[in-house]
Amino acid sequence: MSEAKQQQVSRRRLFAGAGAVGALAGAAALMPRIEPAAPQAEAAKPAPETGGGYQLTAHVKRYYQTAKV
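Reading guide: rules and limits
Residues numbered from 1 in each chain as written. Predicted model: local features only at pLDDT ≥ 70, side-chain atom pairs only at ≥ 80, totals over all residues. Heavy atoms only, no water. Helix = DSSP H or I, 4+ residues; strand = E, 2+ residues; numbered from the N terminus. Buried < 20%, exposed > 50% of the residue type's maximum accessible area, 1.4 Å probe, protein only. Phe/Tyr/Trp six-rings, centres within 6.5 Å; stacked < 30°, edge-to-face > 60°. Patch = residues over 30% accessible without salt bridge, like charges linked within 9 Å, V, L, I, M, F, W, Y side chains within 5 Å. Areas by Shrake-Rupley, 256 points an atom, 1.4 Å probe, with all protein chains shown as cover. Salt bridge = Lys/Arg side-chain N within 4 Å of Asp/Glu carboxyl O. Polar contact = N/O pair within 3.5 Å; in protein donor to acceptor, adjacent residues only side chain to side chain.

Caption draft 1: Structural detail: the overall build of the protein chain. Along the backbone of the protein chain there are two helices and zero strands. Across the 69 residues that make up the protein chain, the buried fraction comes to 1%.

Printed below as a string of structure tokens:
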């Protein structure tokens, strides 16, 4: 009789778990979806007044020395 009682308990837990999973799935389907915020574009840096652009610095010269083939 002990084994029969264990099977009933297991069956009950199975059906209770299935019901809980179904309820959670239904609740999740009804929840509103949150759309991720669109990334904001960064403002472009203004052009330097004194030319700017490419500058031959010590760091750049060192890179050129290491990049020679």
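That shown, we press on.
Caption draft 2: Representation of the packing of aromatic side chains within the structure. With the rule as written, the count across this model stands at one aromatic pair. Plain terms: the ring middles of Tyr63 and Tyr64 are 6.1 Å apart, the flat faces sit at 55° to each other, and that makes the pair tilted. In this structure Tyr64 comes out as partly exposed when scored by relative accessible area, which is 39%.

Caption draft 3: Spotlight on a nonpolar patch on the surface. Together, Tyr54, Leu56, Tyr63 and Tyr64 make up an exposed nonpolar region whose accessible area comes to about 490 Å². Looking at where Leu56 falls in the secondary structure, it is placed in the loop between helix H1 (2-30) and helix H2 (58-67).

Caption draft 4: Representation of the environment of Thr66. Here Thr66 shows up in helix H2. Engagement of the side chain of Thr66 in a polar contact is seen with the backbone oxygen of Tyr63, the distance being 2.8 Å.

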